[in-house]
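Summary of the model geometry
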Amino acid sequence: MITPTPLMRLVAGVWGFKTLAVGVEFGLFTRLAGGRTITVADAAAEFGLDERPADLLLAASASLGLLERSGDGYRNTELAEQFLVEGRPYYFGAQVRYSDLRTYLPWHRVGEALRGNRPLTWDPQAQQSMFDTADPDMVAQFWDAMFSTSSFTARALADAYDFGAHSRLLDVGGGAGAFPVELCRRLPGLRATVFDLPHVCAKADERIAAEGLTGRIGTVGGDFLADPALPDGHDVVLLSMILHDWDEPTNRALLAKCHAALPPGGAVVVCELLLNDERTGPPEAALMGMNMLIETEGGKNYSRAEYAAWLADAGFVDVRTVWFDAPGANGAVVGRRA
């Protein structure tokens, strides 16, 4: 018999996110790093809470798979230990904090975004882009979130696609350099360039230096939309979580620039949360598309078939898709310049 229980699970989804977000805000999972166990009384004392809310927070976190019982207390699950402890290589808390601070409240007005077909996290009439803000803390939150999400996604992509077949990578719109950092760590023969706006490249230079990869990863400042051409001298171009920000004509124009920048045999890799060809899922891709309504003027998530058609129209051959599981993408559509 059909019941409304699945609908109640959707209703409760926001409760789960906010429980995760407040745990990150309180530093709960970082405090429990290394196997530490905390009781309800301990949590109440450490966070300045009464015992009832402390009990509810720990029980709810355990129900979400973030904590587990250990004797009279709670400790991190492996999921929380690996991804919610500050300082871990693939710390995901920055993405949680950014979503909580930047996009959560605008999502409450999603009907307004649907009716107006305009973003809610920034004002296109007053700002040049979503990055044009007087709040430097929010910009820092964004780049930390992108690095957090991109690092593990890069790891998953590297398992699915052989970047070892290439020697020079161009990461278009590469942000703080998470993909080149991960790929160059794994592949000693690979060198990379981040191509992004000049102020973003400055952020990338800092991160690359901190990772000890300055000699292998460089940056080039520019605008991949406005500049007539992309930097040449690379045999693979990466577009990771870029094309969902823009409309179809913009994406087709960018893919044409990628084709022109590559030598014969070079490849373009479009890494995204891909919709199925029927545009009915998966939920992660479809809901990210809704998030693009909140955050961009023309962005949406596209299907594997759409990307494959655009690549073919741009002149790429041997177009194929590789699949994987990661927070920022579920696959990559790859094309080769003949």
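Before reading on, note that the structure itself is shown above.
1. Side note on the overall build of the protein
- Regarding its fold elements, the protein presents 13 helices and 9 strands.
- For a compact globule of 338 residues, the expected C-alpha radius of gyration is about 20 Å, and the protein comes in at 21 Å, within 12% of that figure.
- Referenced to the eigenvectors of the C-alpha coordinate spread, the extents of the protein come out at roughly 65 × 45 × 45 Å.
- Taking all 338 residues of the protein together, the buried fraction comes to 46%.
- Sequence-distant contacts in the protein: of pairs separated by 6 or more residues, those separated by 24 or more amount to 68%.
- Surface summary for the protein: the accessible area is close to 16000 Å², and the carbon and sulfur share equals 55%.
- A gap of 2 Å separates the mean positions of the 29 positive and 43 negative side-chain charges of the protein.

2. Examining the nonpolar core
- Counting residues in each nonpolar core, the largest one holds 30 residues, and the members touching the most others are Leu 157 and Val 269.
- Elements supplying a minimum of two residues to this core: α8 (136-160), α9 (178-186), β4 (191-196), α10 (198-210), β6 (236-240), β7 (267-272) and β9 (331-337).
- Among all residues touching Val 269, those that are not within four sequence positions of it are Leu 157, Tyr 161, Phe 163, Val 236, Val 237, Leu 238, Leu 239, Ala 332, Val 333 and Val 334.
- With 25 residues, the next largest nonpolar core counts Phe 224, Ile 242, Leu 243 and Tyr 307 among its residues.

3. Side note on the pattern of salt bridges
- Counted under the stated rule, the structure contains 17 salt bridges.
- Across the salt bridge formed by Glu 211 and Arg 185, the nearest N and O atoms sit 2.3 Å from each other. Placement of Glu 211 in the loop between α10 and β5 (217-221) and of Arg 185 in helix α9 is noted, with a sequence separation of 26 residues between them.
- Classification of Glu 211 by relative accessible area gives partly exposed; the value is 27%.

4. Observations regarding empty space enclosed by the protein
- A full pass over the atoms with the stated rule returns 2 cavities of 30 Å³ or more.
- For the second largest cavity, the calculated volume is near 30 Å³.
- Looking at which element gives the most residues to the lining of the second largest cavity, the answer is helix α2 (residues 28-31), with 3 residues.
- Considering only residue class, the lining of the second largest cavity consists of 5 nonpolar, 3 polar and no charged.

5. What about the packing of helix α6 (residues 93-107) against helix α12 (residues 283-295)?
- At a minimum axis separation of 10 Å, α6 and α12 run at an interaxial angle of 80°. The pairing of α6 with α12 is recorded here as roughly perpendicular in orientation. Of the residues in α12, those in contact with Tyr 98, Arg 102, Thr 103, Pro 106 and Trp 107 of α6 are Leu 287, Met 290, Asn 291, Ile 294 and Glu 295.
- Of the residues in the contact of α6 with α12, the class split is 6 nonpolar, 2 polar and 2 charged.

6. Let's talk about the pairing of β6
- With respect to burial, β6 is a largely interior element, 5 of its 5 residues being buried.
- The two faces of β6 match: Val 236, Leu 238 and Ser 240 on one face and Val 237 and Leu 239 on the other face are all buried.
- Bridge count between strand β3 (residues 168-172) and β6: 3 bridges; the pairing is parallel. Its bridge partner lying in β6, Leu 170 is registered against Val 237.
- In this sheet, β7 lies alongside β6 in parallel orientation, the contact comprising 5 bridges. Within β7, the residue paired with Ser 240 across the bridge is Cys 271.

7. Here's the deal with the environment of Phe 224
- Tracing the chain through its elements places Phe 224 in the loop between β5 and β6.
- Residues in contact with Phe 224, not counting those within four places in the same chain, are Val 172, Gly 173, Phe 195, Leu 230, Ile 242, Trp 246, Leu 254 and Lys 257.

8. Things to note about the layout of surface pockets
- Of the pockets and cavities examined, the second largest pocket occupies roughly 410 Å³.
- Considering the residues around the second largest pocket, the lining is formed by 24 residues, among which Tyr 91, Ala 94, Asp 144, Ser 148 and Arg 207 are closest to the centre.
- Elements with a contribution of two residues or more to the lining of the second largest pocket: α1 (5-26), α6, α8 and α9.
- For the lining of the second largest pocket, the per-class residue count stands at 9 nonpolar, 5 polar and 10 charged.

Conventions and cut-offs
- Residues numbered from 1 in each chain as written.
- Predicted model: local features only at pLDDT ≥ 70, side-chain atom pairs only at ≥ 80, totals over all residues.
- Heavy atoms only, no water.
- Helix = DSSP H or I, 4+ residues; strand = E, 2+ residues; numbered from the N terminus.
- Rg over C-alpha atoms; globule rule 2.2 N^0.38 Å.
- Buried < 20%, exposed > 50% of the residue type's maximum accessible area, 1.4 Å probe, protein only.
- Contact = heavy atoms within 4.5 Å.
- Areas by Shrake-Rupley, 256 points an atom, 1.4 Å probe, with all protein chains shown as cover.
- Lys, Arg positive; Asp, Glu negative; His and termini not counted.
- Charge placed at Lys NZ, Arg CZ, Asp CG, Glu CD.
- Core = buried A, V, L, I, M, F, W, Y, C linked by side-chain atoms within 4.5 Å.
- Salt bridge = Lys/Arg side-chain N within 4 Å of Asp/Glu carboxyl O.
- 1 Å grid on protein atoms, 1.4 Å probe; cavity = no way out; pocket = protein on both sides within 12 Å on 5 of 7 lines; lining within 4 Å.
- Points joined across faces, edges and corners; volume = space filled by probe spheres on them.
- Nonpolar A, V, L, I, M, F, W, Y, C, P; charged D, E, K, R; others polar.
- Axes fitted to C-alpha atoms, helices over the stretch in contact; angles between N-to-C directions.
- Parallel < 35°, antiparallel > 145°, perpendicular 65-115°, else oblique.
- Pairing = 2+ DSSP bridges.

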